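Each chain, written out:
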Amino acid sequence: MSTPEIVFAGSGGGALTQIADYEAVGGFAALAKARAMTPDEVIAELDASNLRGRGGAFFPTGRKWSFVPKPDRIAKPHYLVVNADESEPGTFKDREIMLRVPFRFLEGCLIAAHAIESKHVFVYIRGEYEQEFEVLVAALEQMKARDLLGDVTVVVHRGAGAYICGEETALLESLEGRRGQPRTKPPFPAIAGLYASPTAVNNVESITTATAVIELGGAEYAKLGVENSTGTRVFSLSGNVVNGGNYELPHGFPLRDLIYGVGGGIAGGRTLKAVIPGGSSTPILTAAEVERVTLDFDSLTGAGTAIGSAAVIAIDDRCCMVQLAVRVSQFYEHESCGKCTPCRVGTRWLTSILQKIEDGRGSQADMDLLLSVAERINGKCLCPLGDSDAIAVASYVDKFRDEFQAHIDEGGCPLHGSSSLDHVLAPVAMHTHHHAREVVPL
Ligand code: SF4
């Protein structure tokens, strides 16, 4: 299968951070093309492309833009808000997009602003993404000097380290200066979003891809990928693989080929045990299931999981699934905003029962209680965070019940300390909210 680059096109594996270099590969032609079109014509191209949101929800981008009322219907400022608060464990694609193709991303912002008739763009960037913030600001300065922004104001706003601010309404609350907690919906952001005004909220990769959609034309873009999942996707491959990293591939690419081909197989000569295919909130797949699925919406949904944020985490045979469940649950417990009881209390219960099982103190009743708590969280929360914990944990039990049972029968972890979650998921104590410069040598 050919692997066309759409998001990273022209970067040659490097970074297009100088405006002249971006223009040399056709940069800003799409913006000129879009500005010569009516907003409805731009949206029609997005509809024709069937581009769907790359943040996790997979909602059609053109339809989302079409929900924003025309200014003559709601005479308030219209806003474009870009969700660059990438925090889903295993997901690190947006940071590479902002670092390597900042102009394509910002060009997409201006195209989207034109489509929804907005003069105000806010990019809400994860606080730890300090280098990415600086790259974006430097790119904006270069664009301003070329008068490319027109009458559009672009503000890059830094978050303060809360996973929940990746939920679009919590992000809007945070942007308005309040505690980042999800809002009840309706009203939806398209009608009453930022400052109670019409707002489109889109992910970094979606916006960057919109540039390519206008450049190629919607129908041409739709020829890439597979039905219902057009185009390419930047997959973040991590875990126990030889070559972790971001890989732009067409939707429909076999998961097995990503792990064993592109990813170089399982590190250290180990064998594959399981794969989390779309970020920590998606149900897990067994090694046998990996052989059968392709990386697109229909295939992964058909296998009982989701493409999510396209973060593929490979897990080798040393990994204890109970330990993995503990870490995942600790993460969601820690990041719960506390607004609704099933999530605030339920995530804590899940973690404590899982820890009990892992420590060898669990009983048969605890297994039943674990699944009962998961059931009482799922579908009863204000936002997807609580469900994410419940669904992920329930999937580990469903696929690896024997291993959970062995912890109870043997009074502890059957892997006898040989289990390793190295490179799979950091313990919650390592989830820092410090800026990247403080924890990662740049
Ligand atoms: S599900 Fe959790 S994170 Fe979402 S609103 Fe409720 S308490 Fe907050």
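Coordinates for the structure precede this section.
About the thresholds
- Residues numbered from 1 in each chain as written.
- Predicted model: local features only at pLDDT ≥ 70, side-chain atom pairs only at ≥ 80, totals over all residues.
- Heavy atoms only, no water.
- Salt bridge = Lys/Arg side-chain N within 4 Å of Asp/Glu carboxyl O.
- Buried < 20%, exposed > 50% of the residue type's maximum accessible area, 1.4 Å probe, protein only.
- Pairing = 2+ DSSP bridges.
- Helix = DSSP H or I, 4+ residues; strand = E, 2+ residues; numbered from the N terminus.
- Contact = heavy atoms within 4.5 Å.
- Axes fitted to C-alpha atoms, helices over the stretch in contact; angles between N-to-C directions.
- 1 Å grid on protein atoms, 1.4 Å probe; cavity = no way out; pocket = protein on both sides within 12 Å on 5 of 7 lines; lining within 4 Å.
- Points joined across faces, edges and corners; volume = space filled by probe spheres on them.
- Nonpolar A, V, L, I, M, F, W, Y, C, P; charged D, E, K, R; others polar.

## Details of the pattern of salt bridges
Then comes step 1: A full pass over the atoms with the stated rule returns 26 salt bridges.
Then comes step 2: A salt bridge links Glu176 to Arg183; the shortest N-O distance between them is 2.9 Å.
Then comes step 3: On the basis of relative accessibility, which here comes to 19%, the residue Glu176 falls in the buried class.
Then comes step 4: Under the relative-accessibility criterion, Arg183 is labelled buried at 18%.

## Some thoughts on the sheet that holds strand β8 (residues 245-250)
Then comes step 1: Across the sheet, which stays open at both edges, the five strands sit in the order β8-β7-β13-β10-β11 with mixed pairing between neighbours. Each having just a single partner strand, β8 and β11 (285-286) make up the two edges of the open sheet.
Then comes step 2: Direction of pairing for strand β7 (residues 232-239) relative to β8: antiparallel, over a ladder of six bridges. Opposite Phe235, over in β8, you have Tyr247 as the bridge partner.
Then comes step 3: Against the sheet, helix α12 (residues 255-262) engages β7, β8, β10 (272-276), β11 and β13 (311-316), with an angle of about 120° to β10.

## Observations regarding empty space enclosed by the protein
Then comes step 1: Scanning all chains against the criterion turns up one cavity of 30 Å³ or more.
Then comes step 2: What the largest cavity holds in volume is close to 80 Å³.
Then comes step 3: What lines the largest cavity is a set of 13 residues, and nearest its centre among them are Pro182, Cys337, Cys340, Cys343 and Cys383.
Then comes step 4: In the lining of the largest cavity, the residues fall into nine nonpolar, three polar and one charged.

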